[in-house]
Amino acid sequence: MKKFINNLLKEDQNIVPFVDFMKYIGPGILVTVGFIDPGNWATNVSAGSMYGYKLLWVITLSTVMLIILQHNAAHLGIATGYCLSEATSIFINNKLSKIILLSAVVASISTSTAELLGTAIALNMLFKIPIKVGTVISVIVISFVLYSNSYKRLEKIIIGFVSIIGLSFLFELYLVKINWNTAVLSWVNPVIPKDSIVIIMSVLGAVVMPHNLFLHSEIIQSRQWNLKDKSIIKKQLKYEFLDTLFSMVIGWAINSAMILLSAATFFENGIVIDKLEQAGVLLKPIVGSGASVVFAIALLFSGFSSTVTSGMAGGSIFAGIFKEPYNIKDKHTKMGIFITLILATVVIFLLKDPFQGLILSQMILSIQLPITVFTQIYLTSSKKVMNEYANGKFSKAILISLGIIIAALNVKLFIDTIF
């Protein structure tokens, strides 16, 4: 692996040390937690319990789509020095840009709702804390982390949390018997079982999320390198792609592990799961109490870390409306975080059934995601915005195709959810 990365980082016959690349790891990991959040847990566990290993290919496909879109978002931040939210305000008509960004704030609130719910559900599973009380505790702790930490500190915290989640699933997979021959084939063999289209779209929709596109462009451009030096920009683009690829593969592995665990336990025993609490409880008699506790701990860290990043995204989007970057000392960033977390908490308090919150959040995201994707494609394809780093014809064609696919899938998901 070390040799492979060093070869990719070759410049003018000089090899950039592997240790330099490892120092750059961080932005991609922060984004990764957004697609291993409680919403993904719900869809992946359901997919595994209903269809066994058959839908693993959806994780592979959605991860490939995500790598392309996230790389494109980061590309914007590196080439322009603006995050997606700032660029939208600066380069798009004032009224239209405000509509786009306000809809993105709503999407960030929606995402935070699902992620806070996942954190609260994990606290309930571990300590029997009521969902609403757990939500309040989570918001207080997450707010403290966001308002008192810099990017670098948050990166280290999130990397630690993702490591815990990954180790938790390694432990879970160690306890169960996986049919690896079937699993390996299912990762690359597209099969659509009867009546599975809704769950397939849910899995795809839970991976590509609007707030992650805003967040990635923000984190990348915050590093403030010299935009006038083309050699530095090219170097950063190369590092960023490897960071994105490395981080998204980690996300692919964790999402796959969710389906593998569910398939090997629930599907093999004829149990269909549609609630996260149900999964934790039913793991205990099948695998043992240790597995149930580890499942809840991983969910807790997943919910906590993904809520931190969705709060950051909310702050970034709101600050961008005023053509400002994310800065925790700035009032607009603080206000964006506050709006995102508090309104998400209000939504949870108004819900009678926590599971309704997950459904509601997916509906809102299904409406907003195509808006963000096509806004990003427009900006990254514009020479006025990107200069020589604008998307080429081939890249633009791929991005537009992905945008159309995502829009079609999300419209179908929205219709199926409503009717």
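Rules used throughout
All residue numbers here refer to positions counted from 1 along the written sequence of the relevant chain. Under the rules for a predicted model, residues below a pLDDT of 70 receive no local features and side-chain atom pairs below 80 are neither given nor counted, while totals for whole chains, interfaces and linings still include all residues. Note that the side-chain values use all heavy atoms of the structure and ignore hydrogens as well as water. Numbered from the N terminus, helices here are DSSP runs of H or I no shorter than four residues, and strands are runs of E no shorter than two. Buried, partly exposed and exposed residues are distinguished by accessible area as a fraction of the type maximum, computed with a 1.4 Å probe on protein chains only: under 20%, between the cut-offs, and over 50%, respectively. Here the accessible surface of atoms and residues is derived via Shrake-Rupley with a 1.4 Å probe, and residues count as covered only by protein chains that are part of the display. Here the expected span of a helix is defined as 1.5 Å times the quantity of residues minus one. Directions drawn from the helix axis to the C-beta atoms are what define this arc. Only Phe, Tyr and Trp rings are paired, with Trp represented by its six-membered ring, and only when their centres lie within 6.5 Å; those with planes under 30 degrees apart are stacked, over 60 edge-to-face, the remainder tilted. We call two residues contacting when some pair of their heavy atoms lies within 4.5 Å. A residue counts toward a patch only above 30% relative accessible area and without a salt bridge, and it is joined to like-charged neighbours within 9 Å or, for Val, Leu, Ile, Met, Phe, Trp and Tyr, to nonpolar neighbours within 5 Å. We define a salt bridge as a contact between a side-chain nitrogen of Lys or Arg and a carboxyl oxygen of Asp or Glu at a distance within 4 Å. Working definition of a nonpolar core: buried Ala, Val, Leu, Ile, Met, Phe, Trp, Tyr and Cys residues. They are joined through side-chain atoms within 4.5 Å. Under this scheme, a helix contributes an axis fitted over its contacting stretch, all axes are lines through C-alpha atoms, and angles between N-to-C directions fall in the 0 to 180 degree range. Each angle gets one of four labels, with under 35 degrees taken as roughly parallel, over 145 as roughly antiparallel, 65 to 115 as roughly perpendicular, and the rest as oblique. Crossing handedness follows the turn of the near helix against the far one: under a right angle anticlockwise gives a left-handed crossing, and clockwise gives a right-handed one. Residues were grouped as follows: Ala, Val, Leu, Ile, Met, Phe, Trp, Tyr, Cys and Pro as nonpolar; Asp, Glu, Lys and Arg as charged; and all remaining residues, including Gly, as polar. What qualifies as a polar contact is a pair of N or O atoms within 3.5 Å, subject to a donor-acceptor requirement within protein and to the restriction that residues adjacent in sequence count only when both atoms come from side chains.

**Here we look at the overall build of the protein chain**
- Tallying secondary structure elements over the protein chain gives 19 helices and two strands in all.
- For the protein chain, buried positions account for 57% of its 419 residues.
- Working note: accessible area of the protein chain is about 17500 Å², and carbon and sulfur atoms make up 67% of it.

**Considering unusual backbone geometry**
- For Asp 195, which is not a glycine, the phi torsion comes out positive at approximately 65 degrees.
- Along the chain, Asp 195 falls in the loop between helix H10 (180-188) and helix H11 (197-207).
- On the basis of relative accessible area, Asp 195 is assigned to the exposed category, the value being 67%.
- You will see that Lys 323, though not glycine, has its phi angle at about 60 degrees, which is positive.
- Relative to the helices and strands, Lys 323 is located in the loop between helix H15 (289-321) and helix H16 (331-350).

**Things to note about helix H8 (residues 131-148)**
- Helix length check: H8 (18 residues) gives 26 Å between terminal C-alpha atoms against 26 Å at 1.5 Å per residue, within 8%.
- The complete set of buried residues in H8 reads Ile 131, Gly 134, Thr 135, Ser 138, Val 139, Ile 142, Ser 143, Val 145 and Leu 146. An end-on view of H8 places all buried positions within 160 degrees of arc, on one side of the element. In H8, the exposed residues that point more than 90 degrees away from the buried face are Ile 140 and Phe 144.

**Focus: the packing of aromatic side chains**
- This model, assessed by the stated rule, comprises seven aromatic pairs.
- Consider the rings of Trp 187 and Trp 252, whose centres lie 5.2 Å apart with planes at 40 degrees: the pair is tilted. Of this pair, Trp 187 sits in helix H10 while Trp 252 is found in helix H13 (residues 230-265), placing the two residues 65 residues apart along the sequence.
- According to the relative accessible area criterion, Trp 252 is partly exposed, its value standing at 24%.
- Each residue in the set Trp 41, Phe 169 and Phe 295 is aromatic and connected to the rest through ring pairs, giving one cluster.

**Some points on the environment of Ala 279**
- By secondary structure assignment, the location of Ala 279 is in helix H14 (residues 276-287).
- Excluding residues within four positions of it along the chain, Ala 279 makes contact with Val 45, Phe 266, Ile 273 and Phe 295.

**Details of a nonpolar patch on the surface**
- Side chains of Val 133, Val 136, Ile 137, Ile 140, Val 141 and Phe 349 sit close together on the surface and give an oily, nonpolar patch of about 470 Å² of accessible area.
- For the nonpolar patch, the leading source of residues is H8, giving five residues.
- With respect to the element layout, Val 133 can be found in helix H8.
- The class of Val 133 is partly exposed, set by a relative accessible area of 43%.

**Section: the side chain of Asn 40**
- With respect to the helices, strands and loops of the structure, Asn 40 is situated in helix H4 (residues 38-51).
- We classify Asn 40 as buried; its relative accessible area is 1%.
- Not counting the four nearest positions on each side in its chain, Asn 40 is found in contact with Gly 34, Phe 35, Ala 206, Val 207, Asn 255 and Met 258.

**Side note on the nonpolar core**
- Ranked by size, the top nonpolar core spans 115 residues in total, and within it Leu 146, Phe 169 and Val 308 carry the most contacts.
- Counting residues per element, this core draws most heavily on helix H5 (residues 56-80), at 13 residues.
- Dropping the residues within four chain positions of it, Leu 146 is found in contact with Leu 154, Val 308, Gly 311, Met 312, Tyr 326, Ile 328, Ile 337 and Leu 341.

**Comments concerning the packing of H5 against H13**
- Where H5 meets H13, the closest approach of the two axes is 9 Å, and the angle between their N-to-C directions is 155 degrees. Comparing their axes, H13 and H5 come out roughly antiparallel. Crossing angle aside, the handedness with which H5 passes H13 is right-handed.
- Each residue belonging to the contact of H5 with H13 can be placed in one class, and the counts come to 14 nonpolar, nine polar and one charged.

**Describing helix H7 (residues 94-127)**
- Compared with the 50 Å implied by 1.5 Å per residue over 34 residues, the 48 Å span of H7 between its first and last C-alpha is a close match.
- The element H7 is largely enclosed, with a buried count of 24 among its 34 residues.
- One side-chain oxygen of the residue at the start of H7 lies 3.1 Å from the amide nitrogen of Lys 95, identifying that residue as Asn 93.
- Directly after H7, the chain includes Lys 128, whose backbone phi takes a positive value near 60 degrees.

**Quick word on the packing of H4 against H11**
- Orientation of H4 relative to H11, taken along the N-to-C sense of each, is 150 degrees, at an axis distance of 9 Å. The angle between H4 and H11 places the two elements in the roughly antiparallel class. In the crossing of H4 with H11, the sense of the turn from one axis to the other is left-handed. On the side of H4, the interface is formed by Gly 39, Asn 40, Thr 43, Asn 44, Ser 46, Ala 47 and Tyr 51, while H11 contributes Ile 199, Ser 202, Val 203, Ala 206 and Val 207.
- Here the contact of H4 with H11 is built from residues that sort into six nonpolar, six polar and no charged.

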